[in-house]
Amino acid sequence: METLKQRVAEAAAEALGIALEEARSALEPPRDPRMGDLALPCFALAKRLGRNPAEIAAAAAARMRCAPPLASVRAAGPYLNFAFVPGAVADAVIGRVLAEGQAFGTSRAGAGQTVVIDFSSPNIAKPFGIHHLRSTVIGAAIGRILRARGHDVVGINHLGDWGTQFGQLIVAFRRWGDEERLAAGKIPYLLELYVRFNAEKKEQPALQDEARAAFRALELGDPQARALWRRFREVSEAEFRRIYDLLGVRFEHFTGESFYEEHMPAVVAELERQGLLVESEDATIVDLGADGLGVSIIKKADDSTLYMTRDLAAAIYRFETFRFSRALYVVGAAQTLHFKQMFRVLELLGRPFAKHMAHVPFGLLRFRDAKMSTREGRVIYLEEVLERAVELARSKIREKNPGLEDADRVARAVGIGAVVFNDLKNRRIKDVTFDWDEILAFEGDTGPYLQYAHARIASVFRKAARQPAALLGPFRFALLDSQVERDLTRAVSLYLEAVARAAAEHEPSIISQHLLDLAAVLNRFYIECRILGVDPDLSEARLALVRAAQITLRNGLALLGLEAPDEM
RNA sequence: GCGCCCGUAGCUCAACCGGACAGAGCAUCGGAUUUCUAAUCCGAGGGUUGCAGGUUCGAGUCCUGCCGGGCGUACCA
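Residues numbered from 1 in each chain as written. Chains lettered and ligands numbered in written order. Predicted model: local features only at pLDDT ≥ 70, side-chain atom pairs only at ≥ 80, totals over all residues. Heavy atoms only, no water.

A look at the sheet that holds strand β4 (residues 114-118)
Then, number 1: Within the open sheet, the four strands sit side by side as β5-β4-β9-β10. Their pairing is parallel. Of all strands in the sheet, those bounded by a partner on one side alone are β5 (152-156) and β10 (357-362). Pairwise comparison of adjacent strand axes, ignoring direction, gives a mean angle of 20 degrees for this sheet.
Then, number 2: Of the strands in this sheet, β9 (326-332) and β10 touch helix α13 (residues 336-348), which is tilted by about 180 degrees from β10. (Pairing = 2+ DSSP bridges. Helix = DSSP H or I, 4+ residues; strand = E, 2+ residues; numbered from the N terminus. Axes fitted to C-alpha atoms, helices over the stretch in contact; angles between N-to-C directions. Contact = heavy atoms within 4.5 Å.)

Next up, the structure:
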């Protein structure tokens, strides 16, 4: 495809009298594929020459020699549209996809660059709720996308395992807790204690002081407090790992905030040494008023730390450990100010790597009845959502494909795929409203829709009793000149661009949207074109085409964290 | 109050550096299955892109103001 584009750029540059590079960068795939394979808008040139863009396009079209692989050059208003001879695009793309297989879509663009991604990061002792899905799934997808671009990716789960809330839990457990019930009830039991604490706090405000004191003791290393805290952490981690297994999410580092505890004093001392610390209202702060960022609290009035202190220590630690060229924080948009403050404080500390850190925000999860407060114990467990989705997938399989071997595995892939894709489908900054019907949908723009398109192609190969690997060519791609066939070829070739953009923008939805488009064309093709039982050359060419589309779908789904079963 | 984000069809959303008639899914209605899985496909209706200005050859996209919603705004994360 690149060489085809190069050929057009050369011809266009000559006809228009512009630089080759200019022509190259101006060439774009037309929005409507019926306009051709490439288009060159003449607006910029028209402006420079002070002439009408449509005239320029018309004149250039008349002047251009049109030799294969170029089939036609047409001026359409201010656009110069190019179409290749039938099969030219397929020749350039399909063979490559078949040869590269699961490497199709990967590159070495980011080779030698380490990217650390902080994502998921749930709080221990609390349920892994549906609201943790976003950071987990978006962060994991960005990690896989960057890895596909050749980056060294370090995924870090920055567990919320430190802070006043553990003081609360320690107090609650001492007052009302029971080890046996903890062993049996796990996180829901811890949640129960947490909820009770928050309820009783309303009657006895002194409890909050007690909790603060308990956290203070924890920070000072009180053995009893430590032991309880360790217990909470164990219980939580075991449950989190189970969820990550279901989602297929892996971390290179599974270290919570507490890990940075010992690194905090040095950071505070350095802030002090550089004269950045100010006492204010009994707390210790960095004043960022000059930057319009308010104040950043480093230590509370009682000298205990906050998450800012820990995040600063973590950032420095991560740079010193990984020498990252980029550090990403996949954290909700509500924390934008926190990260702006943090990056600024690091700059003030004279850490140049601050410029290579970025907050990758995403929109809030909201609920229709707006009463999903963890403090009140109203939570939707992610595991429950996943289980329901898998159960629904299982019943669909019973209905549509009763003989399916491996139905359990497929039900898991499809059910979980539906939930995961639902969160990656739209631009991450959009808020999402939790809706059972939507998250459990298997039709329309959904994960199962993509998986279905993939499975249909696998089914064709089964029917033909052909091993995809035995598809050797040469192929007569010139036979693939209907509109759907060209559209499908185009959708496959545009995948590369989608991955590149998704990586650059840290935006998995660009891939999601492209795959939806690809699957839609593929399904349309499937209805309109017979693959088997037609002229042998045509059949081979179509097999190659759908195989390429299938590989592309599978690779894209893998980047998003979805499996692509061969049958469903 | 101030700051940031969002506002596109009844609902949920697309629309790459501003560019060719703003596209999908859901829902509604009507159709397609002796042929490779109907978790699919085809068709129909449905839009003053929140409002008002501005910049530009050209604005859903950029700028200003306003309206609506959300989040944040000192000892939670």
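Focus: the sheet that holds strand β2 (residues 70-76)
Then, number 1: Taken in spatial order, the three strands make up an open sheet running β1-β3-β2, and their pairing is antiparallel. Every interior strand has two partners, whereas the edge strands, β1 (38-41) and β2, have only one. Ignoring strand direction, the axes of neighbouring strands in this sheet form an average angle of 15 degrees.
Then, number 2: Both β1 and strand β3 (residues 79-84) contribute to a ladder of four bridges, which runs antiparallel. What sits directly across from P41, in β3, is Y79.
Then, number 3: Sheet strands in contact with helix α1 (residues 2-16) are β1, β2 and β3, and its direction is about 140 degrees off that of β3.

Quick notes on the pattern of salt bridges
Charged atoms that come close allow side chains of opposite charge to pair.
Then, number 1: Counting across every chain of the model gives 42 salt bridges.
Then, number 2: E261 is paired through a salt bridge with R226; the nearest N and O atoms lie 2.8 Å apart. Placement of the pair is E261 in the loop between α10 (223-247) and α11 (264-273) and R226 in helix α10, with a sequence separation of 35 residues.
Then, number 3: Through salt bridges that share partners, R427, R428, R501, E505 and E507 make up one connected network. (Salt bridge = Lys/Arg side-chain N within 4 Å of Asp/Glu carboxyl O.)

Structural notes on the domain arrangement of chain A
Then, number 1: If you check the domain split of chain A, you get domain 1 (2-85), domain 2 (119-376) and domain 3 (382-560).
Then, number 2: Each of domain 1 and domain 3 has a C-alpha centre, and the two are 33 Å apart.
Then, number 3: Counting residues at the interface gives eight residues for domain 1 and five residues for domain 3.
Then, number 4: Roughly 470 Å² is buried in total at the junction of domain 1 and domain 3, and carbon and sulfur atoms are behind 42% of that figure.
Then, number 5: Of all residues in domain 1, P29, P33 and R34 give up the largest surface area on contact with domain 3, accounting jointly for 66% of the area buried on that side.
Then, number 6: Inspection of the region where domain 1 meets domain 3 yields one salt bridge.
Then, number 7: The salt bridge involving D37 is made with R486; its shortest N-O contact spans 3.5 Å. (Domains from an automatic or database assignment. Buried area = accessible area lost by both parts, 1.4 Å probe.)

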